[in-house]
Amino acid sequence: MVLALTQSGETVDTLWDDIPPINSQARERLGYPTQKPVALLERLLAASSNPGDIVLDVRDLVAPPVVKHASFTLRRGEILGLAGLMGSGRSEMVRGLFG
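Description of the structure in this document. Keep in mind it's a predicted model, so treat the numbers as computed, not measured.

Here we look at the overall build of the protein chain
Each helix and strand in the protein chain was counted, giving 2 helices and 4 strands. Ordered by position from N to C terminus, the α and β elements of the protein chain give β-β-α-β-β-α. Here the C-alpha radius of gyration of the protein chain, 18 Å, is well above what a compact globule of 99 residues would show, namely 13 Å. For the protein chain, the spread of C-alpha atoms along the principal axes amounts to about 55 × 35 × 20 Å. Per-residue burial over the protein chain gives 14% buried out of 99 residues. Summarising the internal contacts of the protein chain: among those between residues at least 6 apart in sequence, 24% fall at separations of at least 24. Of the roughly 8000 Å² of accessible surface on the protein chain, 55% is carried by carbon and sulfur atoms.

Some details on the nonpolar core
One finds V58, L61, A63, V67, A70, F72 and M93 forming the largest nonpolar core, which totals 7 residues. Breaking this core down by element, the ones donating at least two residues are β3 (54-63) and β4 (67-75).

Digging into the pattern of salt bridges
A pair can form between side chains of opposite charge whenever their charged atoms are brought close. Under the criterion given, the structure shown has 2 salt bridges. The shortest N-O distance in the salt bridge between R43 and D18 comes to 2.7 Å. In this pair, R43 is assigned in helix α1 (residues 38-48) and D18 in the loop between β2 (10-16) and α1, connecting sequence segments 25 residues apart. Of the residues examined, R43 reaches a relative accessible area of 24% and is grouped as partly exposed. By relative accessible area, D18 is classed as partly exposed at 36%.

Concerning a nonpolar patch on the surface
On the surface, L80, L82, V94 and F98 cluster together to form a nonpolar patch covering roughly 370 Å² of accessible area. Structurally, the position occupied by V94 is in helix α2 (residues 90-98).

What counts and how
Residues numbered from 1 in each chain as written. Predicted model: local features only at pLDDT ≥ 70, side-chain atom pairs only at ≥ 80, totals over all residues. Heavy atoms only, no water. Helix = DSSP H or I, 4+ residues; strand = E, 2+ residues; numbered from the N terminus. Rg over C-alpha atoms; globule rule 2.2 N^0.38 Å. Buried < 20%, exposed > 50% of the residue type's maximum accessible area, 1.4 Å probe, protein only. Contact = heavy atoms within 4.5 Å. Areas by Shrake-Rupley, 256 points an atom, 1.4 Å probe, with all protein chains shown as cover. Core = buried A, V, L, I, M, F, W, Y, C linked by side-chain atoms within 4.5 Å. Salt bridge = Lys/Arg side-chain N within 4 Å of Asp/Glu carboxyl O. Patch = residues over 30% accessible without salt bridge, like charges linked within 9 Å, V, L, I, M, F, W, Y side chains within 5 Å.

Spelled out as structure tokens, the structure:
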């Protein structure tokens, strides 16, 4: 359910109360303290983009010492996978993207 908070007839805020937080026993739980429920992420993407829209556009990512000028585009509905042998730059690329 989406609750709209109004003041003087104007919407000032909305609250989605139908998506519970991830509990300690949830199957989707990965152990990250800031992890959000998949249902919330799907709703945010649906509300803020259209099918086929670009949701991530990376240009000339540099993550020393291995990653040099990596570029890619991810569209809504696509899944990005990173693969490679140890030392190929997977971890450096993820750290370069997400800190």
